[in-house]
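Residue strings, one per chain:
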Amino acid sequence: MPHPPRTGAPPHPAPPGGPFTALARLSCNRPRLLLLLTLILLAGAVVLGSGVADRLRSGGSGGVVDPASESSYAAEVLEREFPDARPNVVLLVEADDAGKGVDEPGIARQGQELAERLAAVPGVTGVASYWGTRSPALRSQDGREAMVVARIDGDELAAERTLDERIIPRFDGRQDDLTVRIGGSVAVQHEQQKLIAEDLIRAELIALPITLLILMVVFGSAVAALLPVGIGVIAILGTNAVLRVITEFTDVSVFATNLTTALGLGLAIDYALLIVRRYREELDTGKELRDALITTLNTAGRTVLFSAATVAVSLAAMMVFPLYFLRSLAYAGISVVVLAAVAALVVLPALLVVLGPRIDAWDVRKLLKRRSDGRQKSAPGAGWARLAQGVMRRAPLVATGTFAVLLLLGAPFLNVDFGTADYRQLPSSAQSRQVQESIKDGFQGSPTGAIEVVTERAATADLGAYAEELSALPGVLRVDAPQGRYTDGAVSGAAQPSRTAGDTSYLTVVPGVEAVSEEGKELVRDVREVGTPFPAHVSGTTAALIDSQSAIGRGLPWAIGIIVLATLVLVFLLTGSVLVPVQAVLLNALSLTAMLGAVVWVFQDGNFSGLLGFTPTGSIETALPVLMFCLAFGLSMDYGVFLLSRINEERLRTGDHRAAVVEGIRGTGGVITAAAVVLAVVMVAIGSSRITNTKMLGLGVALAILMDAMVIRTLLVPAVLSLTGRATWWAPGPLRRLHARFGISEGGSTQPVSDSVSDREVATDRNDKDARTERETDDGGAVDPPVLATVQPADGERVPAVKS
């Protein structure tokens, strides 16, 4: 049922043509058909994506390593030629009787039987125990614990299935007179994946009720509040189906599920807020439902399209990196952004048509209206308008102060130390972490943290000399080689023929320093610098970290270049200005300073670690800041496009730069803040995870979102636009003509009020500001300029739009 026209409402122009108008008419003419097709596709997505969680990888070392690096090549050779060389599972064995050590005959017999049982498990190879080898590295220094190490064959997924189905049920816990705890890299990855899945469910249970409550307050209607959540569910389920297909062709990290949930809910709510808010505004002007929907999609719908494009491009930049951790998150992010935009532009309009006036059902605002009867009401958005006017009057002070504070908040990032994730990502209660800590503290050199060197076509004498030279390097505990064991250049022990296969051999350099540390990285560099007459390739955890940092360093300029160039082009097409895109990029980058500084100050340096419940490692996962930068930059541009679109629309309508800025912030301040709070709630819920990296991702991006919406968009943007004045919208003649032909602006028009900003207009902008200041009230209130037109906000109140 259409809203009745308001008295004195201006006549409505004929609706523009174009794809958005066609889409609106399709939604009006065939809404139930569109919804039926959506339900059919959604059911197919549920079936297809139901098993995606079992096909995601847990983000082990392979996810953050360059597959073309030296360490990857050496690891592949070891996997192929020496499958038993790299143990990935550990049974930490302790005698139940505290008075007995692992060398006591009864304990030794049971330990050897345990190793034999493990060797009989299908898919397990290379079993070695202290009782079988008498290696001091497999016995704790106090003699109370010993290790059985082995390798589970297959890729990451197959290894985790073997661990979960065949090893944990048979070996974990009490075994006769022994207590067995299971650790190793596969156990760490398995427990991490299990916790991520549990934490994601908890995050959804936390975020959804709070999100619904906020949306009910924003929309005023329980029915309207459910629409964004429905769009988010469509985006999430659709993305799960897309990821299930992608897993057939490439590896996908389990962290993609966190990203899918956060972006699916967050962006769907952003887009639905914008569309429903604008739709209600158009209805309040007296337009029929069809005309209101056409105008909505040609304005807010167009903004959604540009916003989705900017977010997708920011996430797509991660595809330049060879690390599958980042690439898989790009696949997930692009999928959920596209699906959220499509659902908002196709499904949401059909729902609006079917609901009609029922969109305001279960109106919670009636309770608030009863309580506010008799109170003086202010115009909607008046507070945002007053804030914008105050900021613009003090633009130099606000811009300088905000800029300085943001730089100060970002200063800790100058001391960032990049590292790699390890068992300390897990909570202290996780068994696999406890095992790794026991090995680190109680054993002399971990067999799972050594530096691996693969040699090719090496003569026996040359290989022995090479091993002696490696054992003499500072920080080396010993070197295990085919000829024996080397310590400080001296050889001892029997030969190890299993370390040679054809022309290929391998050596194990056991470090006497922490593997993932500056000393450990320096040791790897020293090993790589040792000259050899034969090819030698270094692998291991620390070598992989060095190679991944190198890969990210090579790809980072390309990623930043792609994001900046795409943002400049998209914002130019939206506004027709040369300066506005540059401002958007710079201000967006500033919005990330607080996030990057907080990541180092909190998660690297350990401030608030007790409150947040994590163990600081003194470093930051190398790939994570890249992900956070791309994600937060895209989401910041999301809000930037919302604001710039509304400002540009008002400028085109009135020709007044300053009034357009005020009206743009008045019209979008509430929407952007509400959207940012909702998305921040989702990210904080993700940040409640027990996995440190997930906690860092959620809390860091939530901080960036709030800083952008509440500081950048409300303080820095109006201050900078005030300083640049009418010149903000300048573009040289060729670019103006390019925009007139290819640009897309709000309202379906690309033609501004005037073709360009003349030099005279720019020169007189200062006089306009002076005249505006003289008209201010004595108490410092807002300017009282002549009224040119009226703008219809969401609830139908008429607010003057002004011109100098």
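Residues numbered from 1 in each chain as written. Predicted model: local features only at pLDDT ≥ 70, side-chain atom pairs only at ≥ 80, totals over all residues. Heavy atoms only, no water.

A. Broad picture of the packing of helix α11 (residues 324–355) against helix α22 (residues 624–654). For the pair α11 and α22, interaxial distance at closest approach is 10 Å and the crossing angle is 20°. With respect to each other, α11 and α22 are oriented roughly parallel. Viewed along their axes, α11 and α22 form a crossing whose handedness is right-handed. From α11, Phe325, Leu326 and Leu329 reach across to α22, where they touch Leu624, Val626 and Leu627. Counted by class, the contact of α11 with α22 contains 6 nonpolar, no polar and no charged residues. (Axes fitted to C-alpha atoms, helices over the stretch in contact; angles between N-to-C directions. Helix = DSSP H or I, 4+ residues; strand = E, 2+ residues; numbered from the N terminus. Parallel < 35°, antiparallel > 145°, perpendicular 65-115°, else oblique. Left-handed = near helix turned anticlockwise from the far one by under 90°. Contact = heavy atoms within 4.5 Å. Nonpolar A, V, L, I, M, F, W, Y, C, P; charged D, E, K, R; others polar.)

B. Inspection of the packing of aromatic side chains at higher detail. For the structure shown, the criterion picks out 7 aromatic pairs. Pairing Tyr466 with Phe534 gives two aromatic rings, centres 5.6 Å apart and planes at 85°, and the pair type is edge-to-face. Of this pair, Tyr466 sits in helix α16 (residues 460–471) while Phe534 sits in the loop between α17 (518–529) and β13 (536–539), and the two are 68 residues apart along the sequence. Phe534 shares its class with Tyr466; the two are buried. Between Trp601 and Phe608, the aromatic rings sit 5.5 Å apart at their centres with planes inclined by 70°, giving edge-to-face as the arrangement. (Phe/Tyr/Trp six-rings, centres within 6.5 Å; stacked < 30°, edge-to-face > 60°. Buried < 20%, exposed > 50% of the residue type's maximum accessible area, 1.4 Å probe, protein only.)

C. Broad picture of the sheet that holds strand β3 (residues 145–152). In space, the 5 strands of this open sheet follow the order β2-β3-β1-β5-β4, with antiparallel pairing throughout. The open sheet has two edge strands with one neighbour each: β2 (124–129) and β4 (173–175). Each adjacent strand pair in this sheet contributes to an overall mean axis angle of 25°, direction not counted. Bridge analysis of strand β1 (residues 89–95) against strand β5 (residues 178–183) gives 6 bridges, and the strand direction is antiparallel. Paired with Val90 across the bridge in β5 is Gly183. The sheet strands contacting helix α4 (residues 105–119) are β1, β2, β3, β4 and β5, and the helix crosses β2 at an angle near 165°. (Pairing = 2+ DSSP bridges.)

D. Structural context of the pairing of β5. When you tally the buried positions in β5, you get 5 out of 6 residues, the bulk of the element. When β4 meets β5, the two strands line up antiparallel, connected through 3 bridges. Counterpart to Gly173 in the pairing with β5 is Val180. Here β4 folds back onto β5 in antiparallel fashion, the turn holding 2 residues, of which Asp176 has a positive phi close to 55°.

E. Main features of α17. Helix length check: α17 (12 residues) gives 17 Å between terminal C-alpha atoms against 16 Å at 1.5 Å per residue, within 8%. Considered for burial, the residues of α17 that qualify are Gly520, Lys521, Leu523, Val524 and Val527. End-on view of α17: buried residues confined to an arc of 155°, all on one side of the axis. (Expected span 1.5 Å × (residues − 1). Arc of directions from axis to C-beta.)

F. Representation of the nonpolar core in the model. Tyr271, Phe325, Val337 and Leu352 are the most contacted members of the largest nonpolar core, which has 167 residues in total. It is α11 that contributes the most residues to this core, 19 residues altogether. Setting aside residues no more than four positions away along its own chain, Leu352 makes contact with Leu227, Ile275, Val276, Tyr279, Leu293 and Ile359. Judged by nonpolar contacts, the second largest core, of 35 residues, contains Ala95, Ala146, Ala150 and Leu178. (Core = buried A, V, L, I, M, F, W, Y, C linked by side-chain atoms within 4.5 Å.)

G. The environment of Asn298, seen in detail. Inspection of the secondary structure puts Asn298 in helix α10 (residues 289–316). On the basis of relative accessibility, which here comes to 2%, the residue Asn298 falls in the buried class. Measuring from C-alpha to C-alpha, the distance between Asn298 and Phe20 comes to 5.6 Å, with 278 residues separating the pair along the chain. Polar side-chain contacts of Asn298 include one of 3.0 Å to the side chain of Thr21. Within polar-contact distance, the side chain of Asn298 engages the side chain of Arg302 at 3.0 Å. (Polar contact = N/O pair within 3.5 Å; in protein donor to acceptor, adjacent residues only side chain to side chain.)

H. Fine view of a nonpolar patch on the surface. Taken together, the side chains of Val578, Trp730, Leu735, Leu738 and Phe742 make up a nonpolar region of the molecular surface, amounting to roughly 420 Å² of accessible area. Within the secondary structure, Leu735 sits in helix α25 (residues 733–742). (Patch = residues over 30% accessible without salt bridge, like charges linked within 9 Å, V, L, I, M, F, W, Y side chains within 5 Å. Areas by Shrake-Rupley, 256 points an atom, 1.4 Å probe, with all protein chains shown as cover. Salt bridge = Lys/Arg side-chain N within 4 Å of Asp/Glu carboxyl O.)

I. Here's a closer look at unusual backbone geometry. At Asp176, a position not held by glycine, the phi torsion is positive, near 55°. Considering the arrangement of structural elements, one finds Asp176 in the loop between β4 and β5. Residue class for Asp176 comes out exposed when judged on its relative accessible area of 57%. Of note in the backbone geometry, Arg457 takes a positive phi value of approximately 55° without being a glycine. Note that Arg457 resides in the loop between β7 (451–456) and α16.

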